[in-house]
Amino acid sequence: MSKRTFYQLLWAANRPRVHGNGCVRAQSARESTDATKALSEKISSEIKQEAAKLEFPTIITRSDHIQRLSKYYSPKMLKSIIAAEQTVTPDLWDKRKKAKPLFPLSYVDDLAKHDPFYDLPKMPWTDFSEPHQPVPPPSDLPPTVPPDLMNADVVEAELANNRGISRDYMRRLIVRPLVRKLVSNVTRLGKIRSFYSLVIVGDQNGMIGIGEAKDRNESSRAVMKAKSKALRSMFYIPRLDNRTIFCSLDNHYHGVDVQLWPRPPGFGLRVNHLIHEVAVCAGLKDLGGKVRGSRNKMNTIKATIEMLRNQVLPEEIARARGKKAVDIKKTYFSARS
């Protein structure tokens, strides 16, 4: 049955009857239902006749397959499905182009087989009766104990063993407690007061360190703790001719704006008193500077040390430009007649 014949029969079954007096009366619901049912039975019989001619695996019969599909599809759609199945042969199915995933597996698995390892109900990573990582064997090393920050001998011995700093060197360092004040931590139970201290240490040869600490009992104990932290955080500050900085520096730290400028030999340290102490500890002798904005002592010291530590050296600029450091410094060494 062609598509045109199907629609002609469907239209004839539901065609309205027009009488001479101009009244249009629709066909009764009973006649329409009978005609549609007869048409569906005729199409189903044709489909079953065509399905009987096809070959199908012995696992499920062709009639069962057609009967199962007829529960979900209309006769017209069912006829299209059968026509599509006839065009696919087992040879074409075996030669089909398989999709290539982004991360393919090293094997082909249709998930229809039982794997003795991956399909176990109890896997090693799902068994929590034993630790996933074995417990390390007991070590013969003594347990590490944090050093006593209040004992100078203990701190010096710890730095000498771990960092290779001699005790004579640590005793020659300059210690400057620049900030000492009383602070309060407000909690729901009240104010908890403690002593705060900020200390910088330096060897006047480029090495400098900064440390902060608190103590609830004495200000001197806070100074000792801050000194111990400053000794552990020492770093090197590059200097031009061991007396000044390489270029002008500008840093904005919280509400503080600090500017530093290199100066010629003999100029001295004409800067803020806090920056003066930092420069003395670092070994800077000729320096100019200005502090604008906030005058907070802690932020001023931290901004200065951050600038000195993050200087851009002429060697780095020359490497970025593909030139030599002598060209960046605009200094040429040549013999004069």
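Our subject in this report is the structure included herewith. Note that this is a predicted model, so its numbers are computed, not measured. (Residues numbered from 1 in each chain as written. Predicted model: local features only at pLDDT ≥ 70, side-chain atom pairs only at ≥ 80, totals over all residues. Heavy atoms only, no water.)

**Topic: the nonpolar core**
Under the convention used in this document: Among buried residues, the Ala, Val, Leu, Ile, Met, Phe, Trp, Tyr and Cys ones that are joined through side-chain atoms within 4.5 Å form a nonpolar core. Remark: exposure states derive from per-residue accessible area (1.4 Å probe, protein chains only) relative to the maximum for the residue type, with buried under 20%, exposed over 50%, and partly exposed in between. A run of H or I in DSSP becomes a helix once it reaches four residues, and a run of E becomes a strand once it reaches two; helices and strands are each numbered from the N terminus. The contact criterion used throughout is that any non-hydrogen atoms of two residues lie within 4.5 Å.
Counting 32 residues, the largest nonpolar core has Ile-200, Val-258, Leu-260, Val-278, Ile-301 and Leu-308 as the members making the most contacts within it. For this core, the elements supplying multiple residues, two or more each, are strand E3 (174-187), strand E4 (190-202), strand E7 (249-253), strand E8 (256-262), helix H9 (273-282), strand E10 (287-293) and helix H10 (297-309). Apart from residues no more than four positions distant in its own chain, Leu-260 is found in contact with Ile-245, Cys-247, Ser-248, Leu-249, Val-271, Ile-275, Leu-287, Gly-288, Gly-289, Thr-304, Met-307 and Leu-308. The next biggest cluster of nonpolar side chains, apart from the first, holds 13 residues, and it includes Ile-165, Met-170, Val-201 and Ala-213.

**Structural notes on the sheet that holds E7**
Heads up, the rule is: Two strands form a pair only when DSSP identifies at least two bridges running between them.
Taking strand neighbours across the sheet as the criterion, the four strands line up as E7-E8-E10-E9 in an open arrangement whose pairing is mixed. Sheet topology places E7 and strand E9 (269-270) at the edges, where each strand pairs with a single neighbour. Both E9 and E10 contribute to a ladder of two bridges, which runs parallel. Within E10, the residue paired with Leu-269 across the bridge is Leu-287.

**Describing the environment of Arg-167**
Inspection of the secondary structure assignment puts Arg-167 in helix H7 (residues 167-171). For Arg-167, a relative accessible area of 36% translates into the label partly exposed. With residues up to four places along the chain from it excluded, the contact list for Arg-167 reads Asp-153, Glu-156 and Ala-157.

**Regarding the pattern of salt bridges**
The line we're drawing: Salt bridges are defined by distance alone: a side-chain nitrogen of Lys or Arg within 4 Å of a carboxyl oxygen of Asp or Glu.
Taken as a whole and judged by the stated rule, the model has five salt bridges. Here Lys-225 and Asp-215 are joined by a salt bridge, their closest N and O atoms 2.9 Å apart. One end of the pair, Lys-225, is in helix H8 (residues 219-232); the other, Asp-215, is in strand E5 (residues 207-215), and 10 residues separate them in sequence. Both residues of the pair, Lys-225 and Asp-215, belong to the buried class. Asp-286 is the partner of Arg-243 in a salt bridge, and the nearest nitrogen-oxygen pair spans 3.2 Å. In this pair, Arg-243 sits in the loop between strand E6 (235-236) and E7 while Asp-286 sits in the loop between H9 and E10, placing the two residues 43 residues apart along the sequence. A relative accessible area of 15% means that Arg-243 is categorised as buried. Under the relative-accessibility criterion, Asp-286 is labelled buried at 5%.

**A word on the side chain of Arg-239**
Rules: None of His or the chain ends enter the tally, which takes Lys and Arg as positive and Asp and Glu as negative. Any N or O atom pair separated by 3.5 Å or less is treated as a polar contact, with the protein-specific requirement of one donor-capable and one acceptor-capable atom, and with residues adjacent in sequence counted only for side-chain atom pairs.
With respect to the helices and strands, Arg-239 occurs in the loop between E6 and E7. Buried charged residue Arg-239 carries no salt bridge. Nearest counter-charge: Asp-203, at 7.1 Å. Within the structure, the side chain of Arg-239 is placed 3.4 Å from the side chain of Asn-242, a separation counted as a polar contact. Ignoring anything within four residues of it in the chain, the contact list for Arg-239 reads Gln-204, Asn-205, Gly-206, Thr-244, Phe-246, Ala-282, Gly-283 and Leu-284.

**A closer look at unusual backbone geometry**
Located in the positive-phi region is Gln-204, a residue other than glycine, with phi close to 60°. Relative to the helices and strands, Gln-204 is located in the loop between E4 and E5. In this structure, Asn-242 takes a positive phi of about 60° despite not being glycine.

So far we have only geometry, and geometry alone does not tell us how the molecule works.
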